[in-house]
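Secondary and tertiary structure notes
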Amino acid sequence: MAASPSTARALNDRLALRLLQDAGPLTATQLKTLTGLSRPTVADLVERLQSGGLVHIVGETGAQRRGPNARLYGIVADRAHLAALDVRTRSVSVVVSDLLGTTLAEATLPIGDGAGAAPGPAAEQAVALLERTARAAGAARLHSVAVGAPGLIDPATRQLRDTAKLPEWHRLLIATLQQRLPATVLVENEVNLAAVAELREGAARGENGGEGSGRGSGGRDTFVLLWLGQGIGAAVVLDGRLRRGASGGAGEIGFLPVPGTSGLPSAHGCDGGFDELACAASIDALARTHGLDPATALESADPAFLDALAGRLALGAASVAAVLDPGCVILAGETGHRGGPALAARVEARLATLSPLRTEVRATTLGDTAILRGALLTARDAAQDALFP
């Protein structure tokens, strides 16, 4: 069934806006080539988008040649302002950007006492940080705000679920933002946001993927990201889509029963699970047994230590491969970032001895910035969905 004229116009307009988003300022001729639309159709859509305040002339091309110059059209970046928050146990980081995702201001604030911080004052500190950062960016009003936080997000309410081990001020912060801001406030698990960033801007794109593995550097739209830091988590991306699970708990890999631990995990804690082998405290202890300083062990290139650590991480990766067969695992978080391609190559080699399923292992290319980048991409998508026809 053919689309109605209004539907066709909306589809054409959105296609043009996406091209302007991804490829930067373009001429009408370039838009015609990229969209396959006729010249009159492109002229009409450019006029519509200009009248709607979404597109404007940002310059001209062809200044060095004879004849008339072609106008360059670009998205009106200040049509909306966005914010991203990375909420940790003892700190909160904020980035404010324009509609194109260009960073305008950023800040980080320690939150005293971590999980024991008084909820009200801690939440107010975080909100005040966001407000100050928005003012510094010249953003009178925020359109969309995305928050990355540890813990489970209820799939029905999209709210952070109450978890005894996480700070109470996290949930209060979300509620305060939703009550006080005239903006769309989105909440997502921090590891899921890191996976979004690696998918669209990082290791899954493939520019640096496969280093040390001899498997090439192609992009991946199916992978599992292992977040290796103070705590352990995972994010599942299948066919370019984030998968959260029935209760929002897909990726709670810290509870995975594995050999070499003190026992079995329980519903009340992941002691005895994969977390016991791969969390930061355990890796620090492993470094000490090899006579290394935990602060520099991952960068030391000590083969015995890296092999021992790779053996631990491969246990979790092998379980993931056996269930999902993602073809690619990305090591992220502090351990994945500091271990880099050297650690990733060792994990891949060890994994190949544990599983018949060929699985590439890549190191994060975004490091600790992945959560904020993923949150900013999420906020940008929400704003563009609302503003673009």
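See the structure above.
A few points on the structure. All of these numbers come straight from a predicted model, not from anything done at the bench. (Residues numbered from 1 in each chain as written. Predicted model: local features only at pLDDT ≥ 70, side-chain atom pairs only at ≥ 80, totals over all residues. Heavy atoms only, no water.)

Details of the overall build of the chain
Quick note on the threshold: Each helix corresponds to a stretch of at least 4 residues labelled H or I by DSSP, and each strand to a stretch of at least 2 residues labelled E; elements are numbered beginning at the N terminus. To get the radius of gyration, use the C-alpha atoms; to get the globule rule, take the number of residues to the power 0.38 and multiply by 2.2 Å. Between two residues, a contact is recorded if the distance between any of their heavy atoms is within 4.5 Å. Accessible areas in this description were obtained via Shrake-Rupley with a 1.4 Å probe; residue shielding takes into account the shown protein chains only. When charges are counted, Lys and Arg contribute as positive and Asp and Glu as negative, whereas His and the chain ends are disregarded. For charged residues, the charge sits on one atom: NZ in Lys, CZ in Arg, CG in Asp, CD in Glu.
Helix and strand counts for the chain come out as eleven helices and twelve strands. Taken against the 2.2 N^0.38 rule, which gives 21 Å for 389 residues, the C-alpha radius of gyration of the chain at 23 Å falls within 12% of a compact globule. Considering only C-alpha atoms, the chain reaches an extent of 75 × 50 × 45 Å along its principal axes. Long-range pairs, those at least 24 residues apart, make up 62% of the contacts in the chain between residues at least 6 apart in sequence. Summing over all exposed atoms, the chain offers an accessible surface of approximately 17,700 Å²; the carbon and sulfur share of this is 52%. Seen as two clouds, the 36 positive and the 39 negative side-chain charges of the chain have centres 7 Å apart.

Points about unusual backbone geometry
Where we set the bar: Using a 1.4 Å probe on the protein chains alone, a residue whose accessible area is under 20% of its type maximum counts as buried, one over 50% counts as exposed, and one in between counts as partly exposed.
Of note, the phi angle at Arg-158 is positive, near 60°, even though the residue is not glycine. Assignment of secondary structure puts Arg-158 in the loop between β6 (144-149) and α5 (168-180). Notably, Asp-325 is not glycine yet its phi reads approximately 45°, a positive angle. Structurally, Asp-325 is set in the loop between α9 (303-324) and β11 (328-332). On the accessibility criterion, Asp-325 (43% relative accessible area) is partly exposed.

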